[in-house]
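Each chain is listed here by its residues.
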Amino acid sequence: MTPLFEQVTIPAGHSWGLLWRELDTIPFIWHYHPQFELTLTVNARGQRYIGDHLGDFEPGDLVLLGPNLPHTWSASERIDSSQPMLAVVVWFSLEWLERLAACFPELLSLRQLAARAGPALHFSADTSARSADKLLQLNALPVPQRLPLLLDVLLDLAGDTGARPLASTAQAPLPDGQQKRMAGVFDFMHAHFREEIALESLAQRAALSLGAFHRCFKRHAHCTPGAYLARLRIGRACQQLIESNLAIAVIAQEAGYRNLAHFNRQFRAAKHVTPRAFRLQYRRGVKDLS
């Protein structure tokens, strides 16, 4: 299964990213990105897939992932059915940690934490509980007050001798120049995947010849541009099949398919079931858990 590249965008005026995501279900989306990711899951039980690791997670699960490590969480069971599942996700770059450690020698342990987190770290129960209490305060704080609290969390994680790696290996980092060159391409594809996109226009955005663009794209995303575009469209269709009662023909059109038969073929190739069967299986599974 080839992971999907996720373009993480840090908002203007911020040095790190915070995602506060309330969900009825946590969908299976196998992906990777060049940033570190700290993920806390609340009111959910299910499975996490990180590199070659597969394990169960319980409410309060806290994991720090290294850059470019494929991962996903999958759950459809809420512990408290009256409340949504919650994923608190923090993204930051290696450069961010390095600058902090260079400016403030007291934060040298963050550099050591980064080195240990390559294959992902799962933290001890006591450390996870303390960190969860702090992470759950982040969203309500003014932006400038979030940073000291996050640093407090990261320093606590760095001192957790009970943290254990999850995957067997870390992923090799991508060259900075290649990362920057492709960032605009992925931004454009994510914004315009419903449209017909000429490969020549993507190559121009990357300032590469068509052949060089193909090679660079495959090194970065581990698939061709056409396959990546299909994944974006099928992913959007899956979301609509789960979250709406729209007709399948409407969902196909909204995802960028002008031909329903072509959509059905690509969906079945990607998910090994028809769109209708996917919707029925998902809803049957949710009903069985309720």
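Quick caveat, the model's predicted, so the values are computed rather than measured. (Residues numbered from 1 in each chain as written. Predicted model: local features only at pLDDT ≥ 70, side-chain atom pairs only at ≥ 80, totals over all residues. Heavy atoms only, no water.)

**Description of the pattern of salt bridges**
Counted under the stated rule, the structure contains 9 salt bridges. The salt bridge involving Arg48 is made with Asp61; its shortest N-O contact spans 3.0 Å. With Arg48 in strand E5 (residues 44-50) and Asp61 in strand E7 (residues 61-65), this residue pair connects regions lying 13 residues apart in the sequence. By relative accessible area, which is 3% here, Arg48 ends up buried. Judged by its relative accessible area of 6%, Asp61 is buried. One salt bridge in this structure joins Lys134 and Asp152, with 3.1 Å as the shortest N-O distance. On the criterion of sequence distance, the pair formed by Lys134 in helix H3 (residues 125-135) and Asp152 in helix H4 (residues 143-158) is long-range, its members being 18 residues apart. You can call Lys134 buried: its relative accessible area is 19%. Among the charged side chains, a salt-bridge network with shared partners connects Arg45, Glu58 and Glu77. (Salt bridge = Lys/Arg side-chain N within 4 Å of Asp/Glu carboxyl O. Helix = DSSP H or I, 4+ residues; strand = E, 2+ residues; numbered from the N terminus. Buried < 20%, exposed > 50% of the residue type's maximum accessible area, 1.4 Å probe, protein only.)

**Focus on the nonpolar core**
Of all hydrophobic cores here, the largest spans 31 residues; its most connected members are Leu38, Phe92, Trp96, Phe123, Leu135 and Leu154. Elements supplying a minimum of two residues to this core: strand E4 (36-42), E7, strand E9 (85-92), helix H1 (94-103), helix H2 (108-116), H3 and H4. Per element, the largest residue contribution to this core is 7 residues, and it comes from H4. Not counting chain neighbours up to four residues away, the residues in contact with Leu38 comprise Leu62, Val63, Leu64, Val88, Val89, Val90, Phe123, Leu135, Val153, Leu154 and Leu157. Core analysis: the next-biggest nonpolar cluster, separate from the first, contains 21 residues, Cys216, Phe217, Cys223 and Tyr228 among them. (Core = buried A, V, L, I, M, F, W, Y, C linked by side-chain atoms within 4.5 Å. Contact = heavy atoms within 4.5 Å.)

**A short note on the packing of aromatic side chains**
Here the distance between the centres and the angle between the planes together describe a pair of aromatic rings. Inspection of every chain in the model, using the stated rule, returns 11 aromatic pairs. With centroids separated by 5.2 Å and ring planes inclined at 55°, the aromatic side chains of Tyr257 and Phe263 adopt a geometry described as tilted. Judged on exposure class, the residue Tyr257 and its partner Phe263 are both buried. Arg233 extends its terminal NZ or CZ atom over the ring of Tyr257, reaching a point 5.7 Å from the ring centre. (Phe/Tyr/Trp six-rings, centres within 6.5 Å; stacked < 30°, edge-to-face > 60°. Lys NZ or Arg CZ within 6 Å of the ring centre and 35° of its normal.)

**Describing the sheet that holds strand E11 (residues 164-165)**
One open sheet accounts for 6 strands, arranged E2-E9-E4-E7-E10-E11; its pairing is antiparallel. The sheet terminates laterally at strand E2 (17-23) and E11, the two strands that pair on one side only. Bridge count between E4 and E7: 5 bridges; the pairing is antiparallel. Within E7, the residue paired with Thr41 across the bridge is Asp61. (Pairing = 2+ DSSP bridges.)

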